[in-house]
Amino acid sequence: GPGNLGSQLVEYKEEMYITSDCGHTWRQVFEEEHHILYLDHGGVIVAIKDTSIPLKILKFSVDEGLTWSTHNFTSTSVFVDGLLSEPGDETLVMTVFGHISFRSDWELVKVDFRPWFSRRCSEDDYSSWDLTNLQGDRCVMGQQRSFRRRKPASWCVTGRSFTAALTARVCPCRASDFLCDYGFERAPSSESDANKCFANFWFNPLSPPDDCVLGQTYTSSLGYRKLVSNVCEGGSPESQQLVTAGTLHPDPGQDTCGGPLSQQAWTLACRGGVAPWCVLQGDVLTTKYQVDLGDGFKAMYVNLTLTGEPIRHRYESPGVYRVSVRAENVAGHDEAVLFVQVTAPLQALYLEVVPVIGVNQEVNLTAVLLPLNPNLTVFYWWIGHSLQPRLSLENSVTTRFGDPGDVRVTVQAACGTSVLQDSKVVRVLDQFQVVPLQFSKDLDAHNPNTPEWREDVGLVVSRLLSKETSIPEELMVTVVKPGLPTLADLHVLLPPPRPTRKRSLTSDKRLTAIQQVLKAQKISFLLRGGVRVVVAVRDVDTGPPSLGGGGGYWAVVILFVSGLFAVGAFILYKKRPGRTVYAQMHNEKEQEMTSPVSHSQGVQSAIQG
């Protein structure tokens, strides 16, 4: 095998070592790692260097690696991939397989060592060898075994009929043939009883087994069990006692089956999920069971057996139930309590979030779940590119977005074995305007208060406004709020910056156009049954439409800067008469660009421009 001398194995130095006594002693044979193959039951050892360069020489030994000879197995060097012998190590014929180049096919070279040997081995060519452990003890796993092997100086063929095993004799059992049984451990080495096994504090070796039936006897362990595959027999009286590994308890007292209930084998198993149920099984015919399944069901049972039909119970609604069973017979009583979580499978999950939000504004993320399963569902929230989710037992969380752009929000709801997931994209903007909307009261009677319905109504309103004002639909997002009365907010977004020769419709003019069509009651839609719903501007205490994303602050700044420019222009106009003509021409150009026409025609021509 490969290895190295030192305190630990190292990858850069793998030498080859050989042992002739089952690993008791080792001697080095090569300074580099080799492919190894055994022929004729180990009578021939073949070695080829494990290297990335092509080879055509192999080494072989017929004296257990004491001396090595070389042999040219091919005239052309081969990249050796491995060695193969067929039908096994009993033959003297081997095959070297590899390739001449990395692009060539497999190359197989057959090497026959039979001409090297002129005779078959006789009894004089073998010697006896005894297997021992590291301490020199011949009893290994309960028996003494002797093997015969060919003498290193004998050049002969053992053949396929060779049998290495010579004799085997069973040894008497000793303490070293045993391990501590379950629930036992050996005493500390400092004590006098270092080899004895003692019961752990949590284990009662006299307790009856779970499958014990009333009236039968059982055997308790003395703390020892024989090693697996150990075949020792008999031995000293102490060892024979270890072999029995148990004590029989036939007395009809506390040690017989059916003793105190704390030692009985009765089980309670419950399962939640789609069809929650509980199963109670007992093993003592005379035991009485008082069952409380936590949902108002209470009963008393007798004559329960492990082979009989178990008691089954189905829970009607999800929740956490306290299940208790009290077992009692003439020998005593015992009680067990189990908390069962019963869940209903999740049917639908919808992530409700405002699609447009300002930078650093607080936003509420809500997961609408059917059924809700309060306190039984865990919500995982992934926000943006974060791989670490936020966990909550509530179906909503609040957060803020510090940078503008599109942010994907994903929520996953897990309840028992049922898992659902939904995802939405939130647009985070520096500036946008919000127009509060309201609907005619007839809509409240048809409002199912579901996320899908609110989303559909918002799309209808945005589409109608785009048709009436010619403002692109992608620049308007209508968000219907949950609850009653039915209210909504219209988010008016800024168009993307792009070079143009003509002036586009400004933000103020877009808001004016939207407010005019709303006041004129031009935005309406029909419900089932012919009910017409009209959309109008909602009156709020804050006055005119608000600017989102911190736009109010920038509006103040813009107004202040505009005022400074106005004051400066006025001073220049008064002090420098030469500027009067320029100012008049500028005013005339402004008047030409906003020629006096009707408002609707002006909005239409401005959008077309």
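Reading guide: rules and limits
Residues numbered from 1 in each chain as written. Predicted model: local features only at pLDDT ≥ 70, side-chain atom pairs only at ≥ 80, totals over all residues. Heavy atoms only, no water. UniProt positions renumbered as here; feature names shortened; annotations may be inferred. Pairing = 2+ DSSP bridges. Helix = DSSP H or I, 4+ residues; strand = E, 2+ residues; numbered from the N terminus. Core = buried A, V, L, I, M, F, W, Y, C linked by side-chain atoms within 4.5 Å. Buried < 20%, exposed > 50% of the residue type's maximum accessible area, 1.4 Å probe, protein only. Contact = heavy atoms within 4.5 Å. Axes fitted to C-alpha atoms, helices over the stretch in contact; angles between N-to-C directions. Salt bridge = Lys/Arg side-chain N within 4 Å of Asp/Glu carboxyl O. pLDDT = per-residue confidence, 0-100. Disulfide = S-S within 2.5 Å. 1 Å grid on protein atoms, 1.4 Å probe; cavity = no way out; pocket = protein on both sides within 12 Å on 5 of 7 lines; lining within 4 Å. Points joined across faces, edges and corners; volume = space filled by probe spheres on them. Nonpolar A, V, L, I, M, F, W, Y, C, P; charged D, E, K, R; others polar. Domains from an automatic or database assignment.

Identification of the protein as VPS10 domain-containing receptor SorCS2 from Bos mutus is taken from an unreviewed UniProt entry. Annotation of the protein in UniProt includes, under Sequence similarities (unreviewed entry), the sentence "Belongs to the VPS10-related sortilin family. SORCS subfamily."

S.K.: Explanation requested: the sheet that holds strand E2 (residues 15–18) in the structure shown.
M.R.: The strands that make up a sheet pair up through hydrogen bonds in the backbone, lying either parallel or antiparallel. Taken together, the three strands give an open sheet; going across it, the order is E1-E2-E3, and neighbouring strands pair in antiparallel fashion. Since the sheet does not close on itself, it has two edges, and those belong to strand E1 (2–3) and strand E3 (27–30), each with one partner. Two strands pair when backbone bridges link them, and E1 and E2 are joined in this way by two bridges, in the antiparallel orientation. Considered in E2, the bridge of Pro2 is made with Met16.

S.K.: What is the right way to look at the nonpolar core in this model?
M.R.: Nonpolar side chains in soluble globular proteins tend to be buried together. Judged by nonpolar contacts, the single largest core of 31 residues is most densely connected at Phe439 and Leu465. Among the elements of the structure, strand E35 (432–439), helix H2 (451–469), strand E36 (476–480), strand E37 (487–493), helix H3 (507–519) and strand E39 (532–537) are those that each provide at least two residues to this core. Ignoring sequence-local partners within four residues, the contact set of Leu465 consists of Ser470, Met476, Leu490, Ile514, Val517, Leu518 and Ile523. Judged by nonpolar contacts, the second largest core, of 23 residues, contains Val363, Trp381, Cys415 and Val428.

S.K.: For this particular structure, what's the right way to read the sheet that holds strand E13 (residues 165–170)?
M.R.: Taken in spatial order, the three strands make up an open sheet running E11-E12-E13, and their pairing is antiparallel. Edge positions in the sheet fall to strand E11 (126–130) and E13, since each has one partner strand and no second. With direction set aside, neighbouring strand axes in the sheet form an average angle of 20°. Pairing of strand E12 (residues 143–150) with E13 involves five bridges; the strand directions are antiparallel. The residue of E13 that forms the bridge with Gln144 is Arg169.

S.K.: I keep staring at the side chain of Ser466 and nothing clicks. Help me out?
M.R.: Among the secondary structure elements, Ser466 is positioned in helix H2. Using a relative accessible area of 15% as the deciding quantity, one classes Ser466 as buried. When near neighbours in sequence (up to four residues on either side) are disregarded, Ser466 contacts Ile471, Pro472, Glu473 and Met476.

S.K.: How should I be thinking about the pattern of salt bridges in this particular structure?
M.R.: As a working rule, side chains carrying opposite charge can pair if their charged atoms are close by. Applying the stated criterion across every chain yields a total of 13 salt bridges. Glu123 serves as the salt-bridge partner of Arg148, at 3.0 Å between the closest nitrogen and oxygen. In this pair, Arg148 is assigned in strand E12 and Glu123 in the loop between strand E10 (107–112) and E11, connecting sequence segments 25 residues apart. Measuring nitrogen to oxygen at the nearest pair gives 3.3 Å for the salt bridge that ties Asp489 to Lys481. In this structure, a network of salt bridges that share partners links the residues Lys481, Asp489 and Arg538.

S.K.: Where do I start with the confidence of the model for the protein in this structure?
M.R.: When pLDDT is averaged along the protein, the result is 77; 75% of the residues meet or exceed 70. With pLDDT under 50 throughout, residues 250–283 is counted as low confidence; its partners more than four residues away or in other chains account for 108 contacts. Note on residues 549–557: pLDDT is under 50 here. Beyond four places in sequence and across chains, it has 11 contacts.

S.K.: Mind showing me how you'd approach the state of the cysteines here?
M.R.: By definition, a disulfide links the sulfur atoms of two cysteine residues through a covalent bond. According to the stated counting rule, one finds four disulfides in the structure shown. A disulfide bridge connects Cys139 with Cys171, and the sulfur atoms are separated by 2.2 Å. The S-S bond linking Cys139 to Cys171 shows a torsion near -95°; that makes this disulfide left-handed. Of this pair, Cys139 sits in the loop between E11 and E12 while Cys171 sits in the loop between E13 and strand E14 (178–180); the two residues are 32 residues apart in sequence, bridging distant segments of the chain. Like Cys139, the residue Cys171 is buried in the burial classification.

S.K.: Help me understand the environment of Gly384 in this model?
M.R.: Within the secondary structure layout, Gly384 lies in the loop between strand E30 (378–383) and strand E31 (390–392). Along the sequence, Gly384 and Val407 sit 23 residues apart, while their C-alpha atoms lie 5.2 Å from each other. Excluding residues that lie within four positions of it along the chain, Gly384 makes contacts with Val407 and Arg408.

S.K.: Help me understand the layout of surface pockets, please; the structure alone is not making it clear to me.
M.R.: Rolled over the atoms, a probe sized like a water molecule indicates the empty space that remains. There is about 810 Å³ of room inside the largest pocket. Lining the largest pocket we find 34 residues, and of these Thr19, Ser20, His41, Gly42 and Glu64 sit closest to its centre. At the level of secondary structure, the elements contributing two or more residues to the lining of the largest pocket comprise E2, E3, strand E4 (34–39) and E12. Counting residues per element, the lining of the largest pocket draws most heavily on E12, at four residues. Partitioned by chemical class, the residues of the lining of the largest pocket number 18 nonpolar, seven polar and nine charged. Here the second largest pocket is characterised by a volume of approximately 690 Å³. The wall of the second largest pocket is formed by 29 residues, among which Val353, Val354, Pro355, Val479 and Val480 lie closest to the centre. If you count residues domain by domain, the lining of the second largest pocket takes at least three from each of domain 3 (345–430) and domain 4 (431–495 + 508–539).

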